[in-house]
Amino acid sequence: MNSSSTKALNIQKAEKSRIDQVDFDNLTFGNIFTDHMFECDYKNGEWHNPTIRPYGNLTISPAAKVFHYGQAVFEGMKAFKDDQGKVWLFRPEENFKRINKSSVRLAIPQFPREIFFEALTTLVKMDKEWVRPGQGNSLYLRPFVFATQAGVGASPSTEYKFMILMSPAQAYYTGDVRVEIAEHFSRSANGGVGAAKAAGNYAAQFYPTNLAKEKGFQQVIWTDASSHEYLEEAGTMNVFFRVNDTLLTAPISDRILDGVTRKSVIALAKRDNIDVEERRVRVSEIVEAAKNGTLKEIFGAGTAAVISPVSAFSFQDTVYELEKPSDSYATKFKQELMDIQYNRGEDPFNWRFPIE
Ligand SMILES: Cc1ncc(COP(=O)(O)O)c(C=O)c1O
């Protein structure tokens, strides 16, 4: 086989769609997958055989390095259908760049741009019936890459699989979110993998998040690992604090994921002449602002939920309740972002990416 024939996208169509079996009005996030998926294998220093085939199980060695050393990174992005039936992605270039940045940190080879975009757009086109119109409805896209070489030697794998799955989604969170500020556990550390979307980052959060859930909180807001004095981000969201009319958010660092929603909110805020400060935010200043009434809002920003208003936070066993202001920034940014995502308004920053 010459090298060009192993690079062309190979397509195997499902014989019959499963779409009729899906209750689109009662979806649980991330449990149902569309008819097709993408896979591409890395071996002998090259990516081979990019293939779209019917969604199904894989056969993989139990000695594959991903199971032993966690060499795996992923992305999360969405496709939206507008009222005319046209499908759009939101800033996919950012997700492409980020998965390769995450891969560098986990010693995983870079994935080629051309194959990524061809696979993504072909896959979405093939399963476009699974993208439902209407606010809150979307198709969640999950690119990921993991180590497949069989062998338990603790060294980087020489073989990998890159895949894309797609899952129909409704609005992610129901209602407002109550959060606990981390005082003991940490999500990431200086020089660590916090800025990568590494699978293990999420595994490490499950236990402390379960403890917070037992106390009635849905999420933890992580603080810096060394002093626990500065607010960083939540489990799958960056976090914004509105004190008076100024938005505060932690700066991007090697401990924090460079969120696409975060940078979009900052761009919209600047356009709307809202003061934004990307700087270290002390827990003590937010507690003080909550006490003196200048803390107007806290909200999370991330692909899954777009914007999640925080209705209460807990610190040192005191719970601070937040009342939603009538001029909520969370509501405003959510609407502005969704108007762009669903092609209902102008796209001043060129964030929409058309599928065909
Ligand atoms: C740890 C973490 N922070 C922030 C985000 C938000 O990033 P984005 O807006 O690109 O979805 C995510 C997830 O997507 C995340 O997993």
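Predicted, not measured: the structure shown is a model, and the values here were computed from it. (Residues numbered from 1 in each chain as written. Predicted model: local features only at pLDDT ≥ 70, side-chain atom pairs only at ≥ 80, totals over all residues. Heavy atoms only, no water.)

A. How the structure looks around the overall build of the protein chain. A count of helical and extended segments in the protein chain gives seven helices and 19 strands. For a compact globule of 356 residues, the expected C-alpha radius of gyration is about 21 Å, and the protein chain comes in at 21 Å, within 12% of that figure. Dimensions of the protein chain, computed from the C-alpha atoms along their principal axes, are close to 70 × 50 × 35 Å. Taking all 356 residues of the protein chain together, 53% fall into the buried category. Long-range contacts, defined here as pairs at least 24 residues apart, represent 71% of the contacts in the protein chain between residues at least 6 apart. Carbon together with sulfur atoms contributes 49% to the accessible area of the protein chain, which is approximately 16,200 Å² in total. Distance from the positive charge centre (42 side chains) to the negative charge centre (45 side chains) of the protein chain: 3 Å. (Helix = DSSP H or I, 4+ residues; strand = E, 2+ residues; numbered from the N terminus. Rg over C-alpha atoms; globule rule 2.2 N^0.38 Å. Buried < 20%, exposed > 50% of the residue type's maximum accessible area, 1.4 Å probe, protein only. Contact = heavy atoms within 4.5 Å. Areas by Shrake-Rupley, 256 points an atom, 1.4 Å probe, with all protein chains shown as cover. Lys, Arg positive; Asp, Glu negative; His and termini not counted. Charge placed at Lys NZ, Arg CZ, Asp CG, Glu CD.)

B. Summary view of the side chain of Ser328. Relative to the elements of secondary structure, Ser328 occurs in the loop between strand E18 (318-321) and helix H7 (329-341). Here the side chain of Ser328 touches Ala330 through a polar contact of 3.1 Å, landing on its backbone nitrogen. Other than its neighbours up to four places away in sequence, Ser328 contacts Arg242 and Glu297. (Polar contact = N/O pair within 3.5 Å; in protein donor to acceptor, adjacent residues only side chain to side chain.)

C. Representation of the pattern of salt bridges. Using the criterion set out here, one finds 26 salt bridges in the structure. A salt bridge links Glu75 to Arg98; its shortest N-O distance comes to 2.8 Å. In this pair, Glu75 is assigned in the loop between strand E4 (72-74) and strand E5 (77-81) and Arg98 in helix H2 (residues 92-105), connecting sequence segments 23 residues apart. Like Glu75, the residue Arg98 is buried in the burial classification. Between Glu336 and Lys332 there is a salt bridge, and its shortest N-O distance comes to 2.9 Å. Separated by four residues within a single helix, Glu336 and Lys332 lie in helix H7, roughly one turn from each other. Overall, the relative accessible area of 28% leaves Lys332 in the partly exposed class. A cluster of three or more residues bridged by salt bridges with shared partners is formed by Arg91, Glu94, Lys97, Asp258 and Lys263. (Salt bridge = Lys/Arg side-chain N within 4 Å of Asp/Glu carboxyl O.)

D. Representation of the packing of aromatic side chains. Throughout the structure, instances matching the rule amount to 25 aromatic pairs. The interplanar angle of 80° and the centroid separation of 4.8 Å between the aromatic rings of Trp47 and Phe111 together place this pair among those described as edge-to-face. Taken together, the positions of Trp47 in strand E3 (residues 46-54) and Phe111 in the loop between H2 and helix H3 (113-126) put the pair 64 residues apart, joining distant regions of the chain. Phe111 shares its class with Trp47; the two are buried. Relative to Tyr342, the ring of Phe80 lies with its centre 5.0 Å away and its plane at 65°, an arrangement referred to as edge-to-face. (Phe/Tyr/Trp six-rings, centres within 6.5 Å; stacked < 30°, edge-to-face > 60°.)

E. Just the nonpolar core, in detail. With 51 residues, the main nonpolar core has Phe38 and Phe162 as its most contacted residues. Among the elements that line this core, the one with the most residues is H3, at seven residues. Those residues within four positions of Phe162 in sequence are excluded, and the remaining contacts are Phe38, Glu39, Cys40, Trp47, Ile99, Phe111, Phe116, Pro143, Phe144 and Val145. (Core = buried A, V, L, I, M, F, W, Y, C linked by side-chain atoms within 4.5 Å.)

F. Region of the structure containing H7. Compared with an ideal rise of 1.5 Å per residue, which puts 13 residues at 18 Å, H7 spans 18 Å between its outermost C-alpha atoms and is within 8% of the ideal. Listing the buried residues of H7 in full gives Tyr329, Ala330, Phe333, Glu336, Leu337, Met338, Ile340 and Gln341. With a side-chain oxygen lying 3.1 Å from the backbone nitrogen of Ala330, the N-terminal cap of H7 falls on Ser328. (Expected span 1.5 Å × (residues − 1).)

G. Representation of the pairing of E5 in the model. Burial runs high along E5: five of the five residues are buried. Burial along E5 is two-sided: Met77, Ala79 and Lys81 facing one way and Lys78 and Phe80 facing the other are all buried. Relative to strand E7 (residues 138-147), E5 runs antiparallel, the two sharing three bridges. Its bridge partner lying in E7, Lys78 is registered against Tyr140. Taking the residues that link successive antiparallel strands as the turn, the E5-strand E6 (residues 87-90) hairpin has five residues, and the phi of Gly85 there is positive, at about 90°. (Pairing = 2+ DSSP bridges.)

H. Looking closely at helix H6 (residues 283-292). Taken residue by residue, H6 has Val283, Ile286, Val287 and Ala289 as its buried positions. One face of H6 carries all of its buried residues, which in axial projection span an arc of 160°. (Arc of directions from axis to C-beta.)

I. A nonpolar patch on the surface, seen in detail. Taken together, Leu58, Ile60 and Phe67 make up a surface patch of nonpolar side chains, about 250 Å² in accessible area. Within the secondary structure, Phe67 sits in helix H1 (residues 65-69). (Patch = residues over 30% accessible without salt bridge, like charges linked within 9 Å, V, L, I, M, F, W, Y side chains within 5 Å.)

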